[in-house]
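One letter stands for each residue in the lines below.
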Amino acid sequence: MKLKGAQIFIRSLIAEDVDTIFGYPGGAVLDIYDEIFKERLRHILVRHEQGGVHAADGYARATGRVGVCLVTSGPGATNTVTGIATAYMDSIPMVVFTGQVATPYIGTDAFQEADITGITRPCTKHNFLVRRVEDLEQTVHEAFHIARSGRPGPVLVDLPKDVMQAETDYPALSPSTFRDEETALHLDQDAIQRAYGMIKKSKRPVIMAGGGVIGAKAAEELRSFAESARIPVTATLMGIGGFPGTSPLWLGMPGMHGTYQANMAVSHCDLLVVAGARFSDRVTGKTATFAPKAKIIQIDIDAASIDKVVRTELPVVGDAKQALAFLNTLLANNHFYLPEEERKAWLGEIAQWKTEARRPLRRNGTIKPQEVIRTLSDLTGGDAIIATEVGQNQMWTAQHYCFTRPNTFLSSGGLGTMGYGFPAAIGAQVAFPERTVIDIAGDGSIQMNIQELATAVNYRLPVKVIILNNGHLGMVRQWQELFYGKRYSHTVLTKSPDFVKLAESYGAVGLRADKPEEVEPVLTQGLSLRETVVMDFTVDQEESVYPMVNPGASITEMRLY
Ligand SMILES: Cc1ncc(C[n+]2csc(CCOP(=O)(O)OP(=O)(O)O)c2C)c(N)n1
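Quick summary incoming for the structure in this document. On a predicted model such as this, the values are computed, not experimentally measured, just so you know.

### Section: the layout of surface pockets
Of the volumes computed, that of the second largest pocket is approximately 1200 Å³. Taken together, 40 residues line the second largest pocket, and the ones lying closest to its centre are Ala357, Arg374, Gln399, His400 and Tyr546. Mapped onto the lining of the second largest pocket, the elements with two or more residues apiece are β11 (250–252), α12 (260–268), α15 (340–357), α16 (369–380) and α17 (392–400). The element contributing the most residues to the lining of the second largest pocket is α17, with four residues. Of the residues belonging to the lining of the second largest pocket, the class tally is 18 nonpolar, 12 polar and 10 charged.

Written out as structure tokens, the structure reads:
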């Protein structure tokens, strides 16, 4: 059977079980859009290509599946770069398809030509330019395979217009040819045995989970391991949700804005078991003094991330789920002897740190942003899918929302992309129409992709946006306060729109809270509506995020307020 490139493309997506594409059309992809029209494949029309990639990313983080985005050539393609880099830094599986000018025009500065494979080479796991229609089907399947296997990441496939129009035989390759099992890494059982030995000997162990635990769907194995060995757990920003925040073993996040107890525990432990984390500078602070008393076991699927930043005693290259499952088997089969007295002393010390860190909010009649998030956490029972923007809003969410499940915290950790949260929340809500999905935003970040309100309203997505409106680019203001003598150079946000009216003009619901007593009623009302809702909270302009470790300092050197 002979088919057009555009038809083969759509059939290959369907063979990959793709159910949703986030995209934006243009000249170079018209043939594809015509096929989408005929096939009635679910396509979500965003308002900006950056929104499309973040939405595909949010869909991927919430579902654990590969997110898919389709855009046109030139400016359509270049508008995706921030979203691709965001997914790359956080190891999110995604395939971005870009239109390209017809092959004879490539390299001629043709209308809407951009060398998108060249531009994205440093921020994709892999990228392809499909020059022959005969290679199309295989390339699409390879792209999906690469995106989800090993350490996941974004893959870009550039599709010239003439390749989409050309015809060829359609052999309908089975995507299973490229399934992940073939390349599944063999777990180093010997290394796990040694890890077990070290855990058994340790008196003051800590587990540090990263995004790799969520990517590997290993949260259950982690919980079971930590609970049976009674080891306290900290999770990096990307690992949040990988361990229940309700557990007595939960320490909170470590690092620059980590909890006092997490940073103290990491700094005083004798063994640190790290799973699926890459030792970001935001986590380690000064690396020379990171976990100074600990032997480090690092479990990671990517051999290249072992010893990249921090020297480890024992590397375990492999899938976090398999590794933790094997550790659980060893614990169960060897009648793991728990050093009761020592463990009690260690957990007691941690409990003491938790008590020392407790500080009431300094009230001054304004709404405290932390309180908005705590109230939200109570009202949703920690069960919502929460996306964040970047800045103070993101750190307060990580600190004060009690996450209980994996794939419920969607946040740009590695690149720190303002404008990420709202479209990511849209992607998650498309995947889970019945769940509560919320974007927690600053008044700066929300304005970076606010046009996606039209997308949310158009598809009747009941996404909620909570704006912690402090009239500033809050996190940058905080740094200026601390390190630049309070010279607030261009961080005061004047002339922001009236977010309530803006929401209404898009056809969404807008609500506002100006006083502390209005927080709970507004949240309750907003959460009860099955519509797109923007809730604007006028919060204390001068509130800062604490604890804080100054950049380059040791994580024990925390400012608590
Ligand atoms: C695209 C982008 N531009 C600039 C920055 C630098 N930056 C980090 S936090 C921040 C301020 C964020 O302000 P706002 O969204 O109002 O959130 P708040 O910190 O007040 O919660 C800025 C400008 C960034 N992270 N991303």
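Next comes the rest of the account.
### Section: the side chain of threonine 375
As for its position among the elements, threonine 375 is in helix α16. A polar side-chain atom of threonine 375 sits 2.6 Å from the main-chain carbonyl oxygen of glutamate 371. With residues up to four places along the chain from it excluded, the contact list for threonine 375 reads Val519, Glu520 and Leu523.

### Some points on the site of the ligand
Around the ligand sit 17 residues in total, of which Gln392, Gly416, Gly444, Ser445 and Gly474 are the nearest. For the ligand, a nitrogen atom lies 2.8 Å from a polar atom in the backbone of glycine 416. Protein coverage of the free-state accessible area of the ligand, which is 580 Å², stands at 76%. Top element by residues in the shell around the ligand is helix α20 (residues 474–483). It accounts for three residues. Along the lines of polarity and charge, the residues of the shell around the ligand split into six nonpolar, 10 polar and one charged.

### Observations concerning the sheet that holds strand β18 (residues 464–469)
Strand order in the open sheet made by the six strands is β16-β15-β17-β18-β20-β19, with parallel pairing throughout. The sheet is open, and its two borders are formed by β16 (409–410) and β19 (509–513), each paired with just one other strand. Across six bridges, the pairing between β18 and strand β20 (residues 533–538) is parallel. If you follow isoleucine 466 over to β20, its bridge partner there is methionine 535.

### Describing the pattern of salt bridges
With the rule as written, the count across this model stands at 25 salt bridges. The partner of arginine 151 in a salt bridge is aspartate 302, and the shortest N-O contact between them spans 2.9 Å. Pair noted here: arginine 151 is in the loop between α7 (136–148) and β7 (154–160) and aspartate 302 is in the loop between β13 (295–300) and β14 (314–317), with a separation of 151 residues, a long-range link. Residue classification places arginine 151 among the partly exposed positions, given a relative accessible area of 29%. Here arginine 230 ties to glutamate 340 by a salt bridge, and the two come within 3.1 Å at their closest N and O atoms. Here the residue arginine 230 occupies a position in the loop between α11 (219–229) and β10 (233–235), and glutamate 340 occupies one in helix α15, the gap between them amounting to 110 residues. The exposure class assigned to arginine 230 is partly exposed, which follows from its relative accessible area of 26%. The partly exposed category is assigned to glutamate 340, whose relative accessible area is 39%. Residues participating in the shared-partner salt-bridge network are Asp34, Glu35 and Lys38.

### Describing the sheet that holds strand β6 (residues 126–129)
Read across the sheet, six strands follow the order β3-β2-β4-β5-β7-β6 without closing on themselves; strand pairing throughout is parallel. On the outer flanks of this sheet lie β3 (43–45) and β6, each paired with one strand and no other. Within this sheet the neighbouring strands show an average axis-to-axis angle of 20°, counted without direction. Here strand β2 (residues 21–23) runs beside strand β4 (residues 67–71); their pairing, made up of two bridges, is parallel. Within the sheet, the bridge partner assigned to phenylalanine 22 lies in β4 and is cysteine 69. Sheet contacts for helix α2 (residues 30–39): β2, β3, β4 and β7; angle to β4, the most-contacted strand, approximately 125°.

### Comments concerning the packing of helix α9 (residues 189–201) against helix α14 (residues 320–333)
When two helices pack together, you describe them by how their axes are tilted relative to each other and by the distance separating the axes. Axis separation between α9 and α14 bottoms out at 10 Å; the angle between their running directions is 55°. Here α14 runs oblique to α9, going by the angle between their axes. Relative to α14, α9 is oriented so that their crossing is right-handed. Taken together, the residues of α14 that come into contact with α9 (itself represented by Gln189, Ile192, Gln193, Tyr196 and Ile199) are Ala323, Phe326, Leu327, Leu330 and Leu331. Across the contact of α9 with α14, the residue classes break down as eight nonpolar, two polar and no charged.

Definitions and limits used
Residues numbered from 1 in each chain as written. Predicted model: local features only at pLDDT ≥ 70, side-chain atom pairs only at ≥ 80, totals over all residues. Heavy atoms only, no water. 1 Å grid on protein atoms, 1.4 Å probe; cavity = no way out; pocket = protein on both sides within 12 Å on 5 of 7 lines; lining within 4 Å. Points joined across faces, edges and corners; volume = space filled by probe spheres on them. Helix = DSSP H or I, 4+ residues; strand = E, 2+ residues; numbered from the N terminus. Nonpolar A, V, L, I, M, F, W, Y, C, P; charged D, E, K, R; others polar. Polar contact = N/O pair within 3.5 Å; in protein donor to acceptor, adjacent residues only side chain to side chain. Contact = heavy atoms within 4.5 Å. Near = heavy atom within 4 Å. Areas by Shrake-Rupley, 256 points an atom, 1.4 Å probe, with all protein chains shown as cover. Pairing = 2+ DSSP bridges. Salt bridge = Lys/Arg side-chain N within 4 Å of Asp/Glu carboxyl O. Buried < 20%, exposed > 50% of the residue type's maximum accessible area, 1.4 Å probe, protein only. Axes fitted to C-alpha atoms, helices over the stretch in contact; angles between N-to-C directions. Parallel < 35°, antiparallel > 145°, perpendicular 65-115°, else oblique. Left-handed = near helix turned anticlockwise from the far one by under 90°.

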